[in-house]
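# Report on the structure
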Amino acid sequence: MKRYPFRLLGLVLLAGLLAVVLRTLIRSGAFKTVKNYRDKVKVIPVPTPPGIEDLDYDPETGTLFLSSHDRRDRNSTGAIYALDADGNHLRNLTEHLALSEFRPHGISFLNLNGNKYLFVISHRNTKNVVLKFRFLNDSLRLENSFSSTDFSSPNDLLAVGENAFFVTNDHGAVDGWKKTAADYLQLPVGNVVYYDGTRSDIALDKITYPNGIALFNDRLYIASTLGSRIGVYKPVTSYYRLEKEKTLKVPDAPDNLMVYGNRIYFAAHPKLLAFAAHARDAGKISPSSVYYLENDQPHLVFMDTGRQLSGSSTALPVADSSGNIRLYIGSVFESRILKLE
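Quick summary incoming for the structure in this document. Predicted, not measured: the structure shown is a model, and the values here were computed from it.

### Comments concerning the side chain of T63
Secondary-structure assignment places T63 in strand β4 (residues 63–68). Separated by 2.8 Å, the side chains of T63 and T61 make a polar contact. Apart from the residues lying within four places of it in its own chain, the contact partners of T63 are D56, Y57, D58, A82, L83, R91, F135 and D138.

Listed below in structure tokens is the structure:
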């Protein structure tokens, strides 16, 4: 008779564990059905170096910037590439700089009064840095390097001034097995940091895997990948503290965010566990999807089972000479991007 309370406690703990596992499976899209979908578009594969995780664009020159790194070989050197808007010519913009431990991740292009800059997150062996390049005469020149202990696990960034930017840390200072546990339990351990050119400060704390970040209508939109949500925040003080205004639920796990007109485009991961398997093994595919937000409502543009592109991370909208939108879709590991016309 005395054993019954312990048995009951064991059953309660087992039920709680099963509930956590079931919640993780549901939120990761394990039971989701993925079908190929193209919204009246033509899909053109464009061969590239591996791991075009992020893209950005200079509309004046028609230059697309591609952030490339072979993330399955973490000690390899990456590069920033330029692609003309027709997708016919690819060139390495950082090869001549001979940068050591250059492993680019998120990038952000800024045209400030005619001065053009490309900010790039780079993961080094002992610390993470943000590099500031000047884009001039169709070439990149390194102007500055910013580092801070607050750049703990930088994923994406948003340039807002000559030396000022926001950075999303997808895991904050959590590392090792705690990082894996935080992912599977979907714990809010990430944060957003603001750097003003001299010092950094945490502008927003305790977010579940903050990823893409974009400025739209004087609000910051921040993707929470593991939460399948996009948070909308407003600055509330001169120190760039951010206050949540609302949360937008989206169908898939959002990655990078790109603003075009009155829309915010984002690539997403329909099945996060499939993406985790794809990260470990290139032979395993992971579905991809692209949406845009209009009036804060998500609209599906593209979905693929992973055969054409696995692990989509960025959807960059670019207008052609006729005003039609082309979408360039990058991914975390693949050696190609997709152009949607």
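Back to the write-up after that little detour.
### Points about the sheet that holds β4
Strands sit in the order β3-β4-β5-β6 across an open sheet of four strands; the sheet is antiparallel. With one partner strand each, in any of the chains shown, β3 (52–58) and β6 (90–92) form the two edges of the open sheet. On average, adjacent strands in this sheet sit at an angle of 25° to one another, irrespective of strand direction. In this structure, strand β5 (residues 79–84) lies alongside β6, joined through three bridges in antiparallel fashion. Pairing of A82 across the sheet is with R91, part of β6.

### A word on the packing of aromatic side chains
Here the structure, examined in full by the defined rule, presents 14 aromatic pairs. Ring geometry for F102 against F133: centres 6.2 Å apart, planes inclined by 70°, an arrangement best described as edge-to-face. Of the two residues, F102 is situated in the loop between β6 and β7 (104–112) and F133 in strand β9 (residues 128–136); the sequence distance between them amounts to 31 residues. Taking 6.0 Å as the distance between ring centres and 45° as the angle between the ring planes, the aromatic pair formed by F151 and F165 counts as tilted. Placement of F151 in the loop between β10 (139–147) and β11 (154–159) and of F165 in strand β12 (residues 165–169) is noted, with a sequence separation of 14 residues between them. Given a relative accessible area of 0%, F165 falls into the buried group. Taken together, the aromatic side chains of F119, F146, F151, F165 and Y195 make up a single cluster linked through ring pairs. Lying across the ring of F333, R72 places its NZ or CZ 4.3 Å from the centre. The ring of Y117 is capped by K132, whose NZ or CZ atom sits 4.6 Å from the centre of that ring.

### What to know about the nonpolar core
Judged by nonpolar contacts, the single largest core of 16 residues is most densely connected at Y221, I230, L248, L257, I264, F266 and L293. Where this core is concerned, the elements lending two or more residues are β15 (210–216), β16 (219–224), β17 (229–235), β20 (263–269) and β21 (288–294). The dominant element in this core, judged by the number of residues it contributes, is β20, at three residues. If near-sequence neighbours (up to four positions away) are discounted, L257 is found in contact with G212, I213, A214, Y221, I222, A223, I230, I264, Y265 and F266.

### Quick word on the pairing of β16
With five of six residues buried, β16 is to be regarded as a mostly interior element. Taking the residues between adjacent antiparallel strands as the criterion, β15 and β16 are bridged by two residues, where N217 takes a positive phi near 55°. Two strands pair when backbone bridges link them, and β16 and β17 are joined in this way by five bridges, in the antiparallel orientation. Looking at β17, one finds that Y221 is bridged to V232. Turn length for the β16-β17 hairpin, with the two strands adjacent in sequence and antiparallel, is four residues, and the turn residue S228 shows positive phi of about 50°.

### Description of the side chain of S312
Of note, S312 is situated in strand β23 (residues 312–319). Apart from the residues lying within four places of it in its own chain, the contact partners of S312 are D255, A267, A268, H269, S288, S289, I329, G330 and S331.

### Some details on the sheet that holds β12
The strand order across the open sheet built from four strands is β11-β12-β13-β14, with neighbouring strands paired in antiparallel fashion. Two strands close off the open sheet at either side, each with one partner strand: β11 and β14 (200–207). The mean angle between the axes of side-by-side strands here comes to 20°, regardless of whether they run parallel or antiparallel. Bridging between β12 and strand β13 (residues 190–195) involves five bridges; their strand directions are antiparallel. When the bridges of β13 are listed, N169 appears paired with N191.

Each value, and the rule that gives it
- Residues numbered from 1 in each chain as written.
- Predicted model: local features only at pLDDT ≥ 70, side-chain atom pairs only at ≥ 80, totals over all residues.
- Heavy atoms only, no water.
- Helix = DSSP H or I, 4+ residues; strand = E, 2+ residues; numbered from the N terminus.
- Polar contact = N/O pair within 3.5 Å; in protein donor to acceptor, adjacent residues only side chain to side chain.
- Contact = heavy atoms within 4.5 Å.
- Pairing = 2+ DSSP bridges.
- Axes fitted to C-alpha atoms, helices over the stretch in contact; angles between N-to-C directions.
- Phe/Tyr/Trp six-rings, centres within 6.5 Å; stacked < 30°, edge-to-face > 60°.
- Buried < 20%, exposed > 50% of the residue type's maximum accessible area, 1.4 Å probe, protein only.
- Lys NZ or Arg CZ within 6 Å of the ring centre and 35° of its normal.
- Core = buried A, V, L, I, M, F, W, Y, C linked by side-chain atoms within 4.5 Å.

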